[in-house]
Amino acid sequence: MNSWFKNYKGIILLITGIIIGSIAGAVLGDKVAVLKPIGDIFLNLLFTAVVPLVFFAIASAIAALDSSQRLGKLLGVTSLVFVSTVLVAAMVTIIAIWIFPIHQHLVASPITETITKKPFGDQLTSLFTTSEFYQLLSRKSMLAMIIFAVITGFATLHAGEKGKAFAAFLHSGNEVFKNIFSLIMRIGPIGLGAYFAYQVGVFGPQLFGGYARSMALYYGVGAFYYLAIFSLYAFIAGGVSAFKRYWKNNIIPSATGVGTCSSIATIPANLDAAKKMGISDAIANITIPLGGTLHKDGSSISSIVKMAVVFALFGKSFDNAETIIIALAMTVLVSLVEGGIPNGGYIGELLFISAYGFPPEALPPAIIIGTLVDPMATLLNATGDTAAAMLVARFTEGKDWMKPPPAKGEL
(Lines give C-alpha, C1' and ligand atoms only; values in the text may rest on other atoms or scores of the structure.)
Protein backbone atom coordinates (compact mmCIF):
# COMPACT_ATOMS: atom_id res chain seq x y z
CA MET A 1 0.00 0.00 0.00
CA ASN A 2 2.84 2.38 0.89
CA SER A 3 4.55 1.57 -2.41
CA TRP A 4 1.34 2.28 -4.35
CA PHE A 5 0.86 5.63 -2.57
CA LYS A 6 4.48 6.57 -3.22
CA ASN A 7 4.09 5.90 -6.95
CA TYR A 8 0.85 7.87 -7.26
CA LYS A 9 1.42 10.48 -4.55
CA GLY A 10 1.83 13.37 -7.00
CA ILE A 11 -1.34 12.56 -8.92
CA ILE A 12 -3.37 11.98 -5.74
CA LEU A 13 -2.28 15.31 -4.23
CA LEU A 14 -2.99 17.13 -7.50
CA ILE A 15 -6.49 15.71 -7.85
CA THR A 16 -7.18 16.36 -4.15
CA GLY A 17 -6.19 20.01 -4.56
CA ILE A 18 -8.43 20.36 -7.63
CA ILE A 19 -11.41 18.74 -5.89
CA ILE A 20 -11.04 20.93 -2.79
CA GLY A 21 -10.67 24.05 -4.96
CA SER A 22 -13.75 23.15 -7.05
CA ILE A 23 -15.87 22.55 -3.94
CA ALA A 24 -14.70 25.85 -2.46
CA GLY A 25 -15.61 27.68 -5.67
CA ALA A 26 -19.06 26.07 -5.83
CA VAL A 27 -19.84 26.84 -2.18
CA LEU A 28 -18.29 30.30 -1.79
CA GLY A 29 -18.99 31.70 -5.27
CA ASP A 30 -17.13 34.83 -6.29
CA LYS A 31 -15.70 35.20 -2.76
CA VAL A 32 -12.93 32.80 -3.85
CA ALA A 33 -11.56 35.53 -6.11
CA VAL A 34 -9.11 36.26 -3.27
CA LEU A 35 -7.41 32.95 -4.13
CA LYS A 36 -6.72 33.98 -7.72
CA PRO A 37 -3.23 35.44 -6.97
CA ILE A 38 -2.11 32.00 -5.71
CA GLY A 39 -3.17 30.40 -8.99
CA ASP A 40 -1.58 33.24 -10.93
CA ILE A 41 1.75 32.76 -9.13
CA PHE A 42 1.78 29.08 -10.06
CA LEU A 43 0.82 29.85 -13.64
CA ASN A 44 3.48 32.57 -13.92
CA LEU A 45 6.15 30.13 -12.71
CA LEU A 46 5.10 27.68 -15.42
CA PHE A 47 5.14 30.38 -18.10
CA THR A 48 8.57 31.56 -16.94
CA ALA A 49 10.03 28.07 -17.23
CA VAL A 50 8.30 26.95 -20.41
CA VAL A 51 10.07 29.22 -22.91
CA PRO A 52 13.63 28.11 -22.11
CA LEU A 53 12.42 24.52 -21.67
CA VAL A 54 10.91 24.45 -25.17
CA PHE A 55 14.01 26.12 -26.66
CA PHE A 56 16.45 23.63 -25.11
CA ALA A 57 14.16 20.65 -25.87
CA ILE A 58 13.88 21.44 -29.59
CA ALA A 59 17.43 22.67 -30.17
CA SER A 60 19.02 19.75 -28.29
CA ALA A 61 16.80 17.20 -30.07
CA ILE A 62 17.80 18.49 -33.52
CA ALA A 63 21.47 18.83 -32.57
CA ALA A 64 21.48 15.16 -31.53
CA LEU A 65 20.02 13.84 -34.80
CA ASP A 66 22.15 11.73 -37.11
CA SER A 67 21.18 13.59 -40.26
CA SER A 68 18.85 16.30 -41.54
CA GLN A 69 17.01 13.69 -43.63
CA ARG A 70 15.60 12.14 -40.46
CA LEU A 71 14.41 15.55 -39.30
CA GLY A 72 12.76 16.19 -42.66
CA LYS A 73 10.83 12.92 -42.42
CA LEU A 74 9.88 13.65 -38.80
CA LEU A 75 8.57 17.14 -39.60
CA GLY A 76 6.69 15.83 -42.64
CA VAL A 77 4.95 13.07 -40.68
CA THR A 78 4.24 15.49 -37.80
CA SER A 79 2.58 17.96 -40.18
CA LEU A 80 0.39 15.24 -41.71
CA VAL A 81 -0.65 13.96 -38.28
CA PHE A 82 -1.47 17.46 -37.01
CA VAL A 83 -3.58 18.39 -40.05
CA SER A 84 -5.32 15.00 -40.13
CA THR A 85 -6.33 15.04 -36.46
CA VAL A 86 -7.55 18.65 -36.67
CA LEU A 87 -9.73 17.68 -39.66
CA VAL A 88 -11.04 14.59 -37.85
CA ALA A 89 -12.05 16.80 -34.89
CA ALA A 90 -13.83 19.20 -37.25
CA MET A 91 -15.69 16.45 -39.11
CA VAL A 92 -16.79 14.74 -35.87
CA THR A 93 -18.21 18.11 -34.72
CA ILE A 94 -20.00 18.72 -38.02
CA ILE A 95 -21.68 15.30 -37.75
CA ALA A 96 -22.71 16.08 -34.16
CA ILE A 97 -24.22 19.40 -35.26
CA TRP A 98 -26.23 17.64 -37.96
CA ILE A 99 -27.54 15.19 -35.35
CA PHE A 100 -28.12 17.85 -32.65
CA PRO A 101 -28.79 21.11 -34.54
CA ILE A 102 -28.40 24.44 -32.77
CA HIS A 103 -31.68 26.41 -32.93
CA GLN A 104 -31.61 28.68 -29.93
CA HIS A 105 -31.99 32.43 -29.61
CA LEU A 106 -28.71 33.95 -28.53
CA VAL A 107 -28.32 37.51 -27.34
CA ALA A 108 -25.13 39.17 -28.48
CA SER A 109 -23.23 40.88 -25.68
CA PRO A 110 -21.07 43.94 -26.25
CA ILE A 111 -17.39 43.40 -26.95
CA THR A 112 -15.41 44.11 -23.78
CA GLU A 113 -11.97 44.03 -25.37
CA THR A 114 -10.66 46.10 -28.23
CA ILE A 115 -9.64 43.94 -31.18
CA THR A 116 -7.34 45.38 -33.80
CA LYS A 117 -7.39 43.69 -37.20
CA LYS A 118 -3.89 43.98 -38.64
CA PRO A 119 -3.10 43.57 -42.35
CA PHE A 120 -2.45 39.92 -43.25
CA GLY A 121 1.19 40.61 -44.08
CA ASP A 122 1.80 42.12 -40.63
CA GLN A 123 0.07 39.18 -38.96
CA LEU A 124 2.26 36.74 -40.90
CA THR A 125 5.44 38.64 -39.98
CA SER A 126 4.61 38.76 -36.26
CA LEU A 127 3.57 35.11 -36.36
CA PHE A 128 6.94 33.78 -37.55
CA THR A 129 9.46 36.41 -36.41
CA THR A 130 10.27 39.13 -33.88
CA SER A 131 12.20 42.35 -34.43
CA GLU A 132 14.39 41.95 -31.31
CA PHE A 133 16.09 38.93 -29.75
CA TYR A 134 14.64 39.56 -26.28
CA GLN A 135 11.12 39.27 -27.70
CA LEU A 136 11.81 35.59 -28.36
CA LEU A 137 11.75 35.11 -24.59
CA SER A 138 8.04 35.96 -24.41
CA ARG A 139 5.43 33.19 -24.58
CA LYS A 140 3.53 35.49 -26.94
CA SER A 141 6.25 34.77 -29.51
CA MET A 142 6.30 31.00 -29.09
CA LEU A 143 6.22 30.14 -32.79
CA ALA A 144 9.04 32.60 -33.57
CA MET A 145 11.05 31.13 -30.69
CA ILE A 146 10.43 27.58 -31.93
CA ILE A 147 11.67 28.54 -35.41
CA PHE A 148 14.78 30.09 -33.83
CA ALA A 149 15.32 26.90 -31.79
CA VAL A 150 15.08 24.81 -34.98
CA ILE A 151 17.66 27.05 -36.68
CA THR A 152 19.93 26.81 -33.62
CA GLY A 153 19.66 23.02 -33.63
CA PHE A 154 20.49 22.84 -37.35
CA ALA A 155 23.45 25.19 -36.92
CA THR A 156 24.78 23.07 -34.06
CA LEU A 157 24.32 19.89 -36.10
CA HIS A 158 26.12 21.35 -39.12
CA ALA A 159 28.99 22.68 -36.97
CA GLY A 160 30.14 19.10 -36.44
CA GLU A 161 33.07 18.68 -34.05
CA LYS A 162 33.27 22.41 -33.35
CA GLY A 163 29.66 22.39 -32.20
CA LYS A 164 29.92 19.46 -29.78
CA ALA A 165 30.49 21.68 -26.75
CA PHE A 166 27.43 23.77 -27.59
CA ALA A 167 25.39 20.58 -28.22
CA ALA A 168 26.38 19.40 -24.73
CA PHE A 169 25.24 22.77 -23.35
CA LEU A 170 21.87 22.38 -25.06
CA HIS A 171 21.45 18.86 -23.70
CA SER A 172 22.42 20.00 -20.20
CA GLY A 173 19.99 22.94 -20.39
CA ASN A 174 17.22 20.57 -21.42
CA GLU A 175 17.84 18.36 -18.37
CA VAL A 176 18.07 21.33 -16.00
CA PHE A 177 14.79 22.88 -17.11
CA LYS A 178 13.00 19.53 -16.92
CA ASN A 179 14.04 19.47 -13.27
CA ILE A 180 12.90 23.07 -12.82
CA PHE A 181 9.47 22.02 -14.06
CA SER A 182 9.49 19.10 -11.62
CA LEU A 183 10.19 21.50 -8.74
CA ILE A 184 7.44 23.91 -9.82
CA MET A 185 4.91 21.06 -10.00
CA ARG A 186 5.45 20.35 -6.30
CA ILE A 187 3.18 23.32 -5.57
CA GLY A 188 0.77 22.16 -8.30
CA PRO A 189 -1.95 20.95 -5.87
CA ILE A 190 -2.09 24.40 -4.24
CA GLY A 191 -1.75 26.41 -7.46
CA LEU A 192 -4.25 24.40 -9.52
CA GLY A 193 -6.61 24.12 -6.54
CA ALA A 194 -6.71 27.91 -6.22
CA TYR A 195 -7.19 28.33 -9.97
CA PHE A 196 -10.06 25.81 -10.09
CA ALA A 197 -11.72 27.53 -7.14
CA TYR A 198 -11.59 30.84 -9.02
CA GLN A 199 -12.84 29.35 -12.31
CA VAL A 200 -15.77 27.52 -10.69
CA GLY A 201 -16.69 30.33 -8.30
CA VAL A 202 -16.53 33.25 -10.75
CA PHE A 203 -17.34 31.78 -14.17
CA GLY A 204 -19.43 28.74 -13.25
CA PRO A 205 -22.83 30.52 -13.28
CA GLN A 206 -22.28 31.69 -16.88
CA LEU A 207 -22.43 28.10 -18.08
CA PHE A 208 -26.18 28.02 -17.44
CA GLY A 209 -27.08 31.11 -19.45
CA GLY A 210 -28.48 31.48 -22.96
CA TYR A 211 -25.58 29.56 -24.47
CA ALA A 212 -26.40 26.32 -22.66
CA ARG A 213 -27.31 24.33 -25.80
CA SER A 214 -24.14 25.16 -27.71
CA MET A 215 -22.13 24.62 -24.52
CA ALA A 216 -23.71 21.20 -24.03
CA LEU A 217 -22.94 20.31 -27.64
CA TYR A 218 -19.32 21.40 -27.33
CA TYR A 219 -18.66 19.67 -24.02
CA GLY A 220 -20.44 16.52 -25.22
CA VAL A 221 -18.39 16.33 -28.42
CA GLY A 222 -15.26 17.27 -26.47
CA ALA A 223 -15.78 14.50 -23.91
CA PHE A 224 -16.39 11.96 -26.69
CA TYR A 225 -13.28 13.09 -28.55
CA TYR A 226 -11.17 13.07 -25.38
CA LEU A 227 -12.21 9.57 -24.30
CA ALA A 228 -12.96 7.76 -27.56
CA ILE A 229 -10.87 9.38 -30.31
CA PHE A 230 -7.70 9.83 -28.24
CA SER A 231 -8.06 6.19 -27.14
CA LEU A 232 -8.38 5.22 -30.80
CA TYR A 233 -5.24 7.20 -31.71
CA ALA A 234 -3.28 5.52 -28.92
CA PHE A 235 -4.54 2.08 -29.99
CA ILE A 236 -3.60 2.72 -33.62
CA ALA A 237 -0.15 3.84 -32.48
CA GLY A 238 0.67 0.79 -30.37
CA GLY A 239 -2.29 -1.39 -29.50
CA VAL A 240 -3.48 -2.10 -25.97
CA SER A 241 -0.06 -1.36 -24.46
CA ALA A 242 0.01 2.19 -25.90
CA PHE A 243 -3.62 2.70 -24.85
CA LYS A 244 -2.77 1.82 -21.24
CA ARG A 245 0.37 3.97 -21.20
CA TYR A 246 -1.46 6.95 -22.65
CA TRP A 247 -4.19 7.04 -20.02
CA LYS A 248 -1.88 6.11 -17.14
CA ASN A 249 0.31 9.13 -17.86
CA ASN A 250 -2.29 11.59 -19.13
CA ILE A 251 -3.75 12.65 -15.77
CA ILE A 252 -1.26 15.39 -14.85
CA PRO A 253 -1.23 16.97 -18.37
CA SER A 254 -5.05 16.90 -18.35
CA ALA A 255 -5.28 18.57 -14.94
CA THR A 256 -2.65 21.15 -15.92
CA GLY A 257 -4.43 21.94 -19.18
CA VAL A 258 -7.86 22.41 -17.60
CA GLY A 259 -6.52 24.30 -14.60
CA THR A 260 -4.32 26.74 -16.51
CA CYS A 261 -6.37 27.03 -19.75
CA SER A 262 -3.03 27.12 -21.56
CA SER A 263 -1.56 24.60 -24.00
CA ILE A 264 1.82 26.27 -23.63
CA ALA A 265 1.79 25.89 -19.84
CA THR A 266 1.04 22.17 -20.35
CA ILE A 267 4.10 21.55 -22.57
CA PRO A 268 6.41 20.57 -19.64
CA ALA A 269 3.84 18.09 -18.28
CA ASN A 270 3.38 16.65 -21.78
CA LEU A 271 7.13 16.23 -22.28
CA ASP A 272 7.38 14.35 -19.00
CA ALA A 273 4.33 12.21 -19.84
CA ALA A 274 5.63 11.46 -23.36
CA LYS A 275 8.81 9.95 -21.94
CA LYS A 276 6.77 7.75 -19.60
CA MET A 277 4.62 6.71 -22.56
CA GLY A 278 7.73 5.41 -24.31
CA ILE A 279 8.06 8.15 -26.92
CA SER A 280 11.70 8.88 -27.78
CA ASP A 281 13.15 12.27 -26.84
CA ALA A 282 13.97 12.96 -30.50
CA ILE A 283 10.25 12.83 -31.35
CA ALA A 284 8.77 14.24 -28.14
CA ASN A 285 11.10 17.24 -27.96
CA ILE A 286 10.07 18.35 -31.44
CA THR A 287 6.46 17.18 -31.81
CA ILE A 288 5.07 18.35 -28.44
CA PRO A 289 6.44 21.93 -28.43
CA LEU A 290 5.28 22.33 -32.03
CA GLY A 291 1.92 20.85 -31.06
CA GLY A 292 1.55 23.28 -28.16
CA THR A 293 1.56 26.09 -30.71
CA LEU A 294 0.17 24.58 -33.92
CA HIS A 295 -1.92 21.51 -33.04
CA LYS A 296 -5.38 22.41 -31.72
CA ASP A 297 -8.01 19.66 -31.77
CA GLY A 298 -10.07 21.54 -29.17
CA SER A 299 -9.88 24.77 -31.14
CA SER A 300 -10.99 22.84 -34.23
CA ILE A 301 -14.16 21.69 -32.45
CA SER A 302 -14.65 25.18 -31.02
CA SER A 303 -14.28 26.77 -34.46
CA ILE A 304 -17.01 24.58 -35.95
CA VAL A 305 -19.38 25.19 -33.01
CA LYS A 306 -18.83 28.96 -33.28
CA MET A 307 -19.61 28.84 -37.00
CA ALA A 308 -22.77 26.82 -36.37
CA VAL A 309 -23.94 29.29 -33.70
CA VAL A 310 -23.34 32.28 -35.98
CA PHE A 311 -25.14 30.53 -38.86
CA ALA A 312 -28.09 29.76 -36.55
CA LEU A 313 -28.18 33.39 -35.38
CA PHE A 314 -28.49 34.65 -38.94
CA GLY A 315 -30.91 31.93 -40.04
CA LYS A 316 -28.51 30.28 -42.50
CA SER A 317 -27.99 26.60 -43.25
CA PHE A 318 -24.76 24.92 -42.20
CA ASP A 319 -25.07 21.78 -44.29
CA ASN A 320 -24.17 22.49 -47.92
CA ALA A 321 -20.92 21.25 -49.48
CA GLU A 322 -19.36 24.67 -50.14
CA THR A 323 -19.99 25.83 -46.57
CA ILE A 324 -18.46 22.65 -45.13
CA ILE A 325 -15.35 22.84 -47.34
CA ILE A 326 -14.74 26.46 -46.31
CA ALA A 327 -15.36 25.50 -42.67
CA LEU A 328 -12.73 22.74 -42.81
CA ALA A 329 -10.17 25.01 -44.48
CA MET A 330 -10.82 27.82 -42.00
CA THR A 331 -10.56 25.37 -39.09
CA VAL A 332 -7.06 24.31 -40.10
CA LEU A 333 -6.05 27.97 -40.49
CA VAL A 334 -7.63 28.99 -37.18
CA SER A 335 -5.82 26.13 -35.43
CA LEU A 336 -2.54 27.65 -36.64
CA VAL A 337 -3.47 31.27 -35.88
CA GLU A 338 -4.88 30.72 -32.36
CA GLY A 339 -1.64 29.27 -31.07
CA GLY A 340 0.70 31.66 -32.80
CA ILE A 341 -0.32 35.18 -31.83
CA PRO A 342 -1.78 37.02 -28.81
CA ASN A 343 -5.60 37.11 -28.85
CA GLY A 344 -5.34 34.55 -31.65
CA GLY A 345 -8.84 33.27 -30.94
CA TYR A 346 -10.30 36.69 -31.75
CA ILE A 347 -8.32 36.91 -34.98
CA GLY A 348 -9.46 33.41 -35.90
CA GLU A 349 -13.07 34.42 -35.36
CA LEU A 350 -12.56 37.48 -37.54
CA LEU A 351 -11.15 35.22 -40.27
CA PHE A 352 -14.16 32.93 -40.54
CA ILE A 353 -16.66 35.79 -40.16
CA SER A 354 -14.94 37.60 -43.04
CA ALA A 355 -14.76 34.41 -45.12
CA TYR A 356 -18.53 33.87 -44.88
CA GLY A 357 -19.37 37.58 -45.25
CA PHE A 358 -21.10 38.01 -41.88
CA PRO A 359 -21.49 41.51 -40.38
CA PRO A 360 -19.53 42.62 -37.27
CA GLU A 361 -22.53 41.72 -35.07
CA ALA A 362 -21.53 38.07 -35.53
CA LEU A 363 -18.33 38.55 -33.54
CA PRO A 364 -19.60 38.90 -29.90
CA PRO A 365 -21.43 35.53 -29.77
CA ALA A 366 -18.38 33.79 -31.25
CA ILE A 367 -16.18 35.41 -28.57
CA ILE A 368 -18.59 34.37 -25.80
CA ILE A 369 -18.66 30.74 -26.99
CA GLY A 370 -14.86 30.71 -27.24
CA THR A 371 -14.51 32.01 -23.67
CA LEU A 372 -16.97 29.55 -22.13
CA VAL A 373 -15.52 26.44 -23.82
CA ASP A 374 -11.89 27.40 -23.13
CA PRO A 375 -11.23 24.81 -20.36
CA MET A 376 -12.37 21.84 -22.47
CA ALA A 377 -10.71 23.28 -25.58
CA THR A 378 -7.39 23.55 -23.76
CA LEU A 379 -7.77 20.01 -22.41
CA LEU A 380 -8.16 18.69 -25.96
CA ASN A 381 -5.47 20.96 -27.42
CA ALA A 382 -2.92 19.96 -24.80
CA THR A 383 -3.54 16.25 -24.32
CA GLY A 384 -3.99 15.72 -28.05
CA ASP A 385 -0.29 16.50 -28.47
CA THR A 386 0.86 13.32 -26.73
CA ALA A 387 -1.64 11.24 -28.72
CA ALA A 388 -0.31 12.85 -31.91
CA ALA A 389 3.27 12.20 -30.77
CA MET A 390 2.38 8.51 -30.40
CA LEU A 391 1.11 8.43 -33.98
CA VAL A 392 4.23 10.24 -35.22
CA ALA A 393 6.41 7.67 -33.41
CA ARG A 394 4.43 4.81 -34.97
CA PHE A 395 4.76 6.18 -38.51
CA THR A 396 8.44 7.16 -38.24
CA GLU A 397 9.92 4.39 -36.09
CA GLY A 398 7.66 1.45 -36.89
CA LYS A 399 5.49 -0.77 -34.73
CA ASP A 400 8.24 -1.33 -32.13
CA TRP A 401 8.58 2.39 -31.31
CA MET A 402 7.70 2.17 -27.62
CA LYS A 403 10.68 2.49 -25.31
CA PRO A 404 10.78 0.78 -21.89
CA PRO A 405 9.19 2.96 -19.19
CA PRO A 406 11.69 5.07 -17.22
CA ALA A 407 13.06 3.74 -13.93
CA LYS A 408 11.53 4.90 -10.64
CA GLY A 409 12.56 8.39 -9.71
CA GLU A 410 13.62 9.23 -13.27
CA LEU A 411 12.05 12.25 -14.96
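These numbers come from a predicted model, not from an experiment.

## What about the overall build of the chain?
Line of reasoning, step 1. Helix and strand content of the chain: 16 helices and zero strands.
Line of reasoning, step 2. In the chain, which comprises 411 residues, the proportion classed as buried is 51%.
Line of reasoning, step 3. Sequence-distant contacts, at least 24 apart, represent 83% of the contacts inside the chain between residues at least 6 apart.

## Side note on the packing of helix α12 (residues 297-313) against helix α16 (residues 374-397)
Line of reasoning, step 1. Viewed as axis vectors pointing N to C, α12 and α16 meet at an angle of 140°, and their least axial separation amounts to 6 Å. Judged by residue contacts, Asp297, Gly298, Ser299 and Ile301 of α12 engage Ala377, Leu380, Asn381 and Gly384 from α16.
Line of reasoning, step 2. Grouping the constituent residues of the contact of α12 with α16 by class yields three nonpolar, four polar and one charged.

## Section: the packing of helix α8 (residues 212-248) against α12
When two helices pack together, their arrangement is given by the angle between the helix axes and by the axis-to-axis distance.
Line of reasoning, step 1. It is at 10 Å that the axes of α8 and α12 come closest, and there the two elements cross at 150°. As far as their axial angle goes, α12 and α8 are roughly antiparallel. Here α8 and α12 pass one another in a crossing that is right-handed. Contacts between α8 and α12 involve Ser214, Tyr218, Val221, Tyr225 and Phe230 from the first element and Asp297, Gly298, Ile301, Ser302, Val305 and Val309 from the second.
Line of reasoning, step 2. Class assignment of the residues belonging to the contact of α8 with α12 gives a composition of seven nonpolar, three polar and one charged.

## Considerations on the side chain of Thr323
Line of reasoning, step 1. Within the secondary structure, Thr323 sits in helix α13 (residues 321-340).
Line of reasoning, step 2. Residues within four places of Thr323 in sequence aside, it is in contact with Phe311, Ser317, Phe318 and Tyr356.

## Some thoughts on the packing of aromatic side chains
Line of reasoning, step 1. One pass over the full model with this rule turns up 14 aromatic pairs.
Line of reasoning, step 2. Within the aromatic cluster, the residues linked to one another by ring pairs are Phe55, Phe56, Phe133, Phe148, Phe166, Phe169 and Phe177.
Line of reasoning, step 3. Directly above the aromatic system of Tyr198 lies the positively charged group of Lys36, at a separation of 5.4 Å from the ring centroid.

## Some words on a nonpolar patch on the surface
Line of reasoning, step 1. Taken together, the side chains of Ile15, Ile19, Ile23, Val27, Leu28 and Ile251 make up a nonpolar region of the molecular surface, amounting to roughly 540 Å² of accessible area.
Line of reasoning, step 2. With five residues, the single largest contributor to the nonpolar patch is helix α1 (residues 2-28).
Line of reasoning, step 3. Relative to the elements of secondary structure, Ile23 occurs in helix α1.

## Structural notes on empty space enclosed by the protein
Line of reasoning, step 1. Tallied over the entire structure, the rule returns one cavity of 30 Å³ or more.
Line of reasoning, step 2. The wall of the largest cavity is formed by eleven residues, among which Lys178, Pro268, Leu271, Asp272 and Lys275 lie closest to the centre.
Line of reasoning, step 3. The greatest single-element share of the lining of the largest cavity, amounting to four residues, is contributed by helix α10 (residues 263-277).
Line of reasoning, step 4. The residue inventory of the lining of the largest cavity, partitioned by class, reads six nonpolar, one polar and four charged.

## Focus on the side chain of Ser254
Line of reasoning, step 1. Locating Ser254 in the fold gives a position in helix α9 (residues 251-260).
Line of reasoning, step 2. Within the local environment of Ser254, its side chain forms a polar contact with the backbone oxygen of Asn250, the two atoms lying 2.6 Å apart.

## Here's the deal with the environment of Trp98
Line of reasoning, step 1. Here Trp98 is to be found in helix α3 (residues 68-99).
Line of reasoning, step 2. For the pair Trp98 and Ala308, spaced 210 residues apart in sequence, the C-alpha to C-alpha distance is 9.9 Å.
Line of reasoning, step 3. When residues no more than four places from it in sequence are discounted, the contact partners of Trp98 are Phe318, Asp319 and Ile324.

## Quick word on the pattern of salt bridges
Line of reasoning, step 1. Evaluated as defined, the whole model comprises four salt bridges.
Line of reasoning, step 2. Two residues, Lys36 and Asp40, come together in a salt bridge whose shortest N-O distance is 2.9 Å. Of the two residues, Lys36 and Asp40 are both situated in helix α2 (residues 36-63); the distance of four residues between them amounts to about one turn of the helix.
Line of reasoning, step 3. Residue class for Lys36 comes out partly exposed when judged on its relative accessible area of 26%.
Line of reasoning, step 4. Its relative accessible area of 22% is what places Asp40 among the partly exposed residues.
Line of reasoning, step 5. With a closest N to O distance of 3.3 Å, Glu175 and Lys178 form a salt bridge. Of the two residues, Glu175 and Lys178 are both situated in helix α6 (residues 164-184); the distance of three residues between them amounts to about one turn of the helix.

## Regarding the nonpolar core
Line of reasoning, step 1. Within the largest apolar cluster, 108 residues are counted, with the highest numbers of intra-cluster contacts made by Ile279, Phe318 and Met390.
Line of reasoning, step 2. No other element matches the 17 residues that α2 contributes to this core.
Line of reasoning, step 3. Those residues in contact with Ile279 that sit more than four places away from it in its chain are Ala274, Ala284, Thr386, Ala389, Met390 and Trp401.

## Details of α8
An α-helical segment advances 3.6 residues per turn. Residues three or four places apart therefore align on the same side.
Line of reasoning, step 1. In this model, α8 (37 residues) spans only 32 Å end to end at C-alpha, well below the 54 Å of a helix rising 1.5 Å per residue.
Line of reasoning, step 2. The sharpest bend along α8 measures roughly 130° and falls at Gly238.

## Remarks on the confidence of the model for the chain
Line of reasoning, step 1. Averaged over all residues, the pLDDT of the chain equals 80, while 80% of them reach at least 70.
Line of reasoning, step 2. Confidence scores differ between elements of the chain, with helix α14 (residues 344-356) showing the lowest mean pLDDT of 63 and α8 the highest of 92.
Line of reasoning, step 3. A low-confidence stretch, residues 105-115 (pLDDT under 50), is modelled with 19 contacts involving residues beyond four sequence positions or located in other chains.

Rules used in this analysis
Residues numbered from 1 in each chain as written. Predicted model: local features only at pLDDT ≥ 70, side-chain atom pairs only at ≥ 80, totals over all residues. Heavy atoms only, no water. Helix = DSSP H or I, 4+ residues; strand = E, 2+ residues; numbered from the N terminus. Buried < 20%, exposed > 50% of the residue type's maximum accessible area, 1.4 Å probe, protein only. Contact = heavy atoms within 4.5 Å. Axes fitted to C-alpha atoms, helices over the stretch in contact; angles between N-to-C directions. Nonpolar A, V, L, I, M, F, W, Y, C, P; charged D, E, K, R; others polar. Parallel < 35°, antiparallel > 145°, perpendicular 65-115°, else oblique. Left-handed = near helix turned anticlockwise from the far one by under 90°. Phe/Tyr/Trp six-rings, centres within 6.5 Å; stacked < 30°, edge-to-face > 60°. Lys NZ or Arg CZ within 6 Å of the ring centre and 35° of its normal. Patch = residues over 30% accessible without salt bridge, like charges linked within 9 Å, V, L, I, M, F, W, Y side chains within 5 Å. Areas by Shrake-Rupley, 256 points an atom, 1.4 Å probe, with all protein chains shown as cover. Salt bridge = Lys/Arg side-chain N within 4 Å of Asp/Glu carboxyl O. 1 Å grid on protein atoms, 1.4 Å probe; cavity = no way out; pocket = protein on both sides within 12 Å on 5 of 7 lines; lining within 4 Å. Points joined across faces, edges and corners; volume = space filled by probe spheres on them. Polar contact = N/O pair within 3.5 Å; in protein donor to acceptor, adjacent residues only side chain to side chain. Core = buried A, V, L, I, M, F, W, Y, C linked by side-chain atoms within 4.5 Å. Expected span 1.5 Å × (residues − 1). Bend = angle between axes of the 7 residues up to and from the residue. pLDDT = per-residue confidence, 0-100.

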